[in-house]
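# Summary of the model geometry
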Number of protein chains: 2
Amino acid sequence: MKKWYESVGPHGEIVISSRVRLARNYVKFPFPGRMTQEQQQALLESVASVMTESAGGREFTLTDLTNGDPLFAQSLMERHLISPEFAGSKRVHGIILSRDESISVMVGEEDHLRIQALGSGLCLQECLKAAMAVDDLLERTGEYAFDEHLGYLTHCPTNLGTGLRASVMLHLPALTEAGPIRDMILAAGKLGFAVRGLYGEGTRSSGALYQISNQVSMGISEEETIGRLSEAVNNILRSEQELRSRMLKERPEFADRLWRAAGILASARSISSRESMELLSQLRLGVAVGELGGVSIEQINQLLRDTQPASLSLLLGGGSLGSEAERDAKRAKMIRDTVKQVLVEEINK
Amino acid sequence: MKKWYESVGPHGEIVISSRVRLARNYVKFPFPGRMTQEQQQALLESVASVMTESAGGREFTLTDLTNGDPLFAQSLMERHLISPEFAGSKRVHGIILSRDESISVMVGEEDHLRIQALGSGLCLQECLKAAMAVDDLLERTGEYAFDEHLGYLTHCPTNLGTGLRASVMLHLPALTEAGPIRDMILAAGKLGFAVRGLYGEGTRSSGALYQISNQVSMGISEEETIGRLSEAVNNILRSEQELRSRMLKERPEFADRLWRAAGILASARSISSRESMELLSQLRLGVAVGELGGVSIEQINQLLRDTQPASLSLLLGGGSLGSEAERDAKRAKMIRDTVKQVLVEEINK
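Residues numbered from 1 in each chain as written. Chains lettered and ligands numbered in written order. Predicted model: local features only at pLDDT ≥ 70, side-chain atom pairs only at ≥ 80, totals over all residues. Heavy atoms only, no water.

## Some words on the overall build of chain A
Of regular secondary structure, chain A possesses twelve helices and ten strands. In terms of overall dimensions, chain A is globule-like: its C-alpha atoms have a radius of gyration of 21 Å, near the 20 Å expected for 349 residues. Dimensions of chain A, computed from the C-alpha atoms along their principal axes, are close to 65 × 45 × 35 Å. In chain A, which comprises 349 residues, the proportion classed as buried is 56%. A sequence separation of at least 24 residues applies to 70% of the contacts in chain A between residues at least 6 apart. For chain A, the accessible area works out to roughly 15,200 Å², and carbon and sulfur atoms hold 51% of it. Computed over 39 positive and 45 negative side-chain charges, the inter-centroid distance for chain A is 4 Å. (Helix = DSSP H or I, 4+ residues; strand = E, 2+ residues; numbered from the N terminus. Rg over C-alpha atoms; globule rule 2.2 N^0.38 Å. Buried < 20%, exposed > 50% of the residue type's maximum accessible area, 1.4 Å probe, protein only. Contact = heavy atoms within 4.5 Å. Areas by Shrake-Rupley, 256 points an atom, 1.4 Å probe, with all protein chains shown as cover. Lys, Arg positive; Asp, Glu negative; His and termini not counted. Charge placed at Lys NZ, Arg CZ, Asp CG, Glu CD.)

Set out below in structure tokens:
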């Protein structure tokens with residue numbers, strides 16, 4: 001079975017992924033901060049049994065992270081399946097994950113449930129639908145904490161209301177390089193959206209990857225939230241698209257840079273996580289604008305994900321992160337094996 | 001017929017070329033600064049007729065540079081066949097050149113004659129022999145200005161004595177990077193040698209290419225000059241060789257850098273003269289130490305020579321230098337077409 005990220009979705013040349021997350025708490029338990037360890041355990045088990053039994057056609061598996069392998073937890077974080085706080089939590093906590101990795105439930109985060117749906121490209125509607133189906137399923141096992149005025153009750157007041165956080169991960173190299181990205185971030189803020197670097201709040205952008213998400217979840221319906229965010233994303237898409245075409249036409253050094261990125265990726269013997277992110281970003285842009293061939297957007301997405309420290313170590317069968325020098329050499333090898341096809345394709349032309 | 005630089009000579013992994021130059025003046029004419037235009041013309045014609053008629057098995061041709069194409073003069077300079085001063089001279093001046101380009105006579109430089117012999121690798125003895133054969137030939141047409149105490153009389157007192165300048169062009173990337181090159185230059189100076197960057201006196205090194213030459217030509221025979229210089233070069237060779245092996249073994253980032261240079265050269269769409277010199281220098285080192293394959297030292301030597309501005313423009317059939325952007329794009333194409341074989345070889349392994 002294919003993972004969700006192994007195909008490219010709508011507007012895949014710019015949109016990496018869409019995500020919808022719902023925060024929920026049961027009435028039958030105190031809020032996580034006040035739960036006993038027994039209650040935490042009971043919650044995790046009850047959610048896992050519902051999910052793995054009534055799968056709705058998908059296969060779900062529970063991974064108990066309470067005393068789990070920190071390397072595995074880090075790899076889940078790198079794949080945006082869990083938050084850094086969740087990875088480091090001291091409570092009983094675990095994740096229930098569908099086989100294609102598109103649907104997951106974090107149990108024991110700052111709320112009882114964090115229901116998540118991920119999809120490739122711009123597909124917020126589909127993600128909302130999938131998350132709501134799980135939401136309905138889990139509501140059958142117990143009443144949610146809900147207030148007529150405040151909506152769903154959550155640990156953090158910023159999640160009150162729908163408990164919905166919708167976000168889209170965008171690849172915006174042209175807007176980043178040409179400069180307008182700063183103004184767009186400010187403008188998005190005024191419209192109620194937050195734009196952040198790759199790993200959420202407070203992290204700076206790396207590889208020109210950005211996450212845009214709604215900041216408000218009260219006084220607005222789920223559908224309206226998704227609709228407004230989609231509109232904002234479409235505006236950014238158009239600007240990025242336009243700028244890419246213009247740069248390719250007007251700046252000869254633009255194509256040179258894309259090719260050099262491919263050349264370095266196809267030949268380096270050692271490469272850091274940060275440098276590979278930057279160069280893979282250029283490569284992705286080169287393929288998206290049709291300047292480079294021989295590799296697909298899917299393959300580049302996969303490299304962006306698999307060459308992160310924990311994922312790389314797990315994929316290559318190491319039980320530990322190993323030294324940085326070892327990782328840099330393994331990362332370079334993995335990237336080379338794919339990216340050399342860019343040069344092969346050019347030579348065969 | 002092959003040009004002299006189309007094969008690799010002794011110690012070719014480090015020594016690019018050897019050169020011997022003899023300065024001579026005839027008694028029958030005043031020194032160049034005091035010659036009339038008619039005398040300058042008569043000198044050029046008489047030397048040319050001797051050389052082209054008594055070729056000694058080689059074919060010589062005269063190129064009169066007096067009103068010549070400045071682009072062609074620049075390309076001769078790039079190939080170290082004439083000096084920058086000679087290229088810009090206002091006098092009647094020309095060069096008589098053997099078909100394999102190994103032997104040349106500049107007529108009308110600061111001395112009447114500058115007899116030159118060039119060879120691939122470390123071959124000072126052979127160069128001296130070739131230059132002296134031409135010297136004997138030209139002496140038959142007129143007595144040389146010679147003083148029992150001062151030796152051959154020359155325009156500049158630094159050339160008095162044998163009139164001999166012997167030099168070796170070396171590729172010393174390991175000594176340059178590890179640092180000892182500075183001390184070696186100082187030490188060479190104390191032994192009576194000068195070490196300079198690629199284009200002679202006062203130019204800084206580019207691409208880790210250095211020229212070492214004798215500074216003294218009085219009170220020392222031709223053979224002794226050549227012998228001492230060969231010894232000094234052999235000492236430098238050993239240090240460079242040793243350091244290269246050590247770097248390859250002890251520094252993993254060393255191989256990475258060599259591969260990245262190949263990757264950029266195989267993919268760039270635009271490259272400046274300076275950058276290509278630096279990267280080709282890394283490539284040459286990579287092939288010399290056996291880390292990179294698919295291209296030969298000869299091919300890299302050829303690229304180092306042919307991608308210089310005037311040579312590039314002439315080779316690609318442009319009548320002028322063109323714009324810098326055009327040259328950078330053409331240079332990148334020429335380099336790519338050769339260097340991509342490094343990656344092809346690796347892929348086919």
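More follows now that the structure is in view.
## What to know about the nonpolar core
Counting 176 residues, the largest nonpolar core has Leu-138 and Ile-212 of chain A together with Leu-138 and Ile-212 of chain B as the members making the most contacts within it. Apart from the residues within four sequence positions on either side, Leu-138 of chain A is in contact with Tyr-26, Val-47, Val-50, Met-51, Val-105, Leu-113, Ile-115 and Tyr-144 of chain A. (Core = buried A, V, L, I, M, F, W, Y, C linked by side-chain atoms within 4.5 Å.)

## So, the sheet that holds strand E9 (residues 193-196) of chain B
Residues and elements named next belong to chain B. Reading across from one edge, E2-E3-E4-E5-E1-E8-E10-E9 is the order of the eight strands in this open sheet, with antiparallel pairing throughout. The open sheet has two free edges, formed respectively by strand E2 (60-64) and E9, since each of these has just one partner strand. Strand-to-strand twist in this sheet, taken as the mean axis angle between neighbours without regard to direction, amounts to 20°. Here strand E3 (residues 94-98) runs beside strand E4 (residues 103-107); their pairing, made up of four bridges, is antiparallel. Each bridged residue has a counterpart across the sheet, and for Gly-94 the counterpart in E4 is Val-107. The sheet contacts of helix H4 (residues 124-139) involve strand E1 (15-24), E4, strand E5 (113-120) and strand E8 (164-171), and relative to E1 the element is tilted by about 25°. Where helix H9 (residues 273-288) meets the sheet, its contacts fall on E1, E8 and strand E10 (209-214), and the angle it forms with E8 comes to roughly 80°. (Pairing = 2+ DSSP bridges. Axes fitted to C-alpha atoms, helices over the stretch in contact; angles between N-to-C directions.)

## Structural notes on the interface of chain B and chain A
With 18 residues of chain B at the contact, the number on the chain A side is 18 residues. Sorting the residues of chain B by area buried against chain A places Arg-260, Arg-269 and Ile-347 of chain B first, and these three jointly supply 36% of that buried surface. The interface formed by chain B and chain A includes four salt bridges. Across the pair Arg-269 of chain B and Glu-346 of chain A runs a salt bridge, and its minimum N-O distance is 2.6 Å. Between the two partners, chain B and chain A, sit twelve residue pairs in polar contact (both at pLDDT 80 or more). (Buried area = accessible area lost by both parts, 1.4 Å probe. Salt bridge = Lys/Arg side-chain N within 4 Å of Asp/Glu carboxyl O. Polar contact = N/O pair within 3.5 Å; in protein donor to acceptor, adjacent residues only side chain to side chain.)

## Notes on the relation of the copies chain B and chain A
Between the two copies of the chain lies a relationship made up of a rotation around an axis and a movement along it. Its rotation angle being 180°, the transformation that places chain B on chain A also includes 0.0 Å of axial translation and leaves an RMSD of 0.0 Å. Such a combination of turn and shift is consistent with a two-fold rotation axis. For chain B, the minimum C-alpha distance to the rotation axis belongs to Gly-263 of chain B and amounts to 2.1 Å. A share of 100% of interface residues in chain B that are also interface residues in chain A marks the association as one of identical surfaces. (Least-squares fit on C-alpha atoms with pLDDT ≥ 70 in both.)

## Focus: the pairing of strand E1 (residues 15-24) of chain A
Residue and element names in this part refer to chain A. Counting buried residues in E1 gives ten out of ten residues, a clear majority hidden from the surface. Where E1 and strand E8 (residues 164-171) come together, seven bridges link them in antiparallel fashion. Bridging from a neighbouring strand, Arg-21 pairs with Arg-165 of E8. Examined bridge by bridge, E1 and strand E5 (residues 113-120) share eight bridges and lie antiparallel to one another. Considered in E5, the bridge of Arg-21 is made with Gln-116.

## Let's talk about the packing of helix H9 (residues 273-288) of chain A against helix H12 (residues 324-348) of chain A
Residue and element names in this part refer to chain A. Their axes nearest at 11 Å, the elements H9 and H12 cross at an angle of 10°. With respect to H12, the element H9 is oriented roughly parallel. Contact with H9, carried on its side by Ser-273, Ser-276, Leu-280 and Leu-283, involves Asp-328, Arg-331, Ile-335, Val-339 and Val-342 of H12 and no other residues of that element. Per-class residue counts for the contact of H9 with H12 are five nonpolar, two polar and two charged. (Parallel < 35°, antiparallel > 145°, perpendicular 65-115°, else oblique. Nonpolar A, V, L, I, M, F, W, Y, C, P; charged D, E, K, R; others polar.)

## Section: helix H12 (residues 324-348) of chain B
Look at H12 of chain B: 36 Å from first C-alpha to last across 25 residues, which is about the 36 Å you get at 1.5 Å a residue. Where H12 of chain B bends most, the angle comes to about 40°, and this point is Asp-337 of chain B. (Expected span 1.5 Å × (residues − 1). Bend = angle between axes of the 7 residues up to and from the residue.)

## Quick look at the side chain of Thr-307 of chain B
Residue and element names in this part refer to chain B. Inspection of the secondary structure assignment puts Thr-307 in the loop between helix H10 (297-306) and helix H11 (309-315). We classify Thr-307 as buried; its relative accessible area is 3%. Separated by 2.6 Å, the side chain of Thr-307 and the backbone oxygen of Leu-303 make a polar contact. Beyond its immediate chain neighbours, meaning those up to four positions away, Thr-307 contacts Ser-276, Leu-280, Leu-312, Arg-331, Met-334 and Ile-335.

## Looking at the packing of aromatic side chains
All names here are of chain A. Taken as a whole, this structure holds eight aromatic pairs over all chains when the rule is applied. Between Trp-4 and Tyr-5, the ring centres sit 5.4 Å apart and the planes meet at 75°, which makes this aromatic pair edge-to-face. In this pair, the class of Trp-4 matches that of Tyr-5, namely buried. Where Tyr-144 meets Tyr-152, the ring centres are 6.1 Å apart and the plane angle is 75°; that geometry is what we call edge-to-face. Neither residue differs from the other here; Tyr-144 and Tyr-152 are each classed as buried. (Phe/Tyr/Trp six-rings, centres within 6.5 Å; stacked < 30°, edge-to-face > 60°.)

## Quick word on the sheet that holds E8 of chain A
Residue and element names in this part refer to chain A. Read from one edge to the other, the open sheet built from eight strands follows the order E2-E3-E4-E5-E1-E8-E10-E9, with strand pairing classed as antiparallel. Each of the sheet's edge strands pairs with one partner strand only, and the pair in question is strand E2 (60-64) and strand E9 (193-196). Recorded for the sheet is a direction-independent mean angle of 20° between the axes of neighbouring strands. Across the face of the sheet, helix H7 (residues 222-250) comes into contact with E1, E8, E9 and strand E10 (209-214) while running at roughly 10° to E8.

## Regarding the pattern of salt bridges
Enumeration over the complete set of coordinates arrives at 38 salt bridges over all chains. Across the pair Glu-101 of chain B and Lys-3 of chain B runs a salt bridge whose closest N-O atoms are separated by 3.5 Å. In this pair, Glu-101 of chain B is assigned in the loop between E3 and E4 and Lys-3 of chain B in the segment before E1, connecting sequence segments 98 residues apart. Here Lys-3 of chain B falls in the partly exposed class, since its relative accessible area comes to 25%. One network of salt bridges, with partners in common, ties together Glu-109, Glu-110, Asp-111 and Arg-114 of chain A.

## What to know about the confidence of the model for chain A
On average, residues of chain A carry a pLDDT of 89, and 96% of them reach 70 or more. Among the scores for the predicted complex, ipTM is 0.82 and pTM is 0.85. (pLDDT = per-residue confidence, 0-100.)

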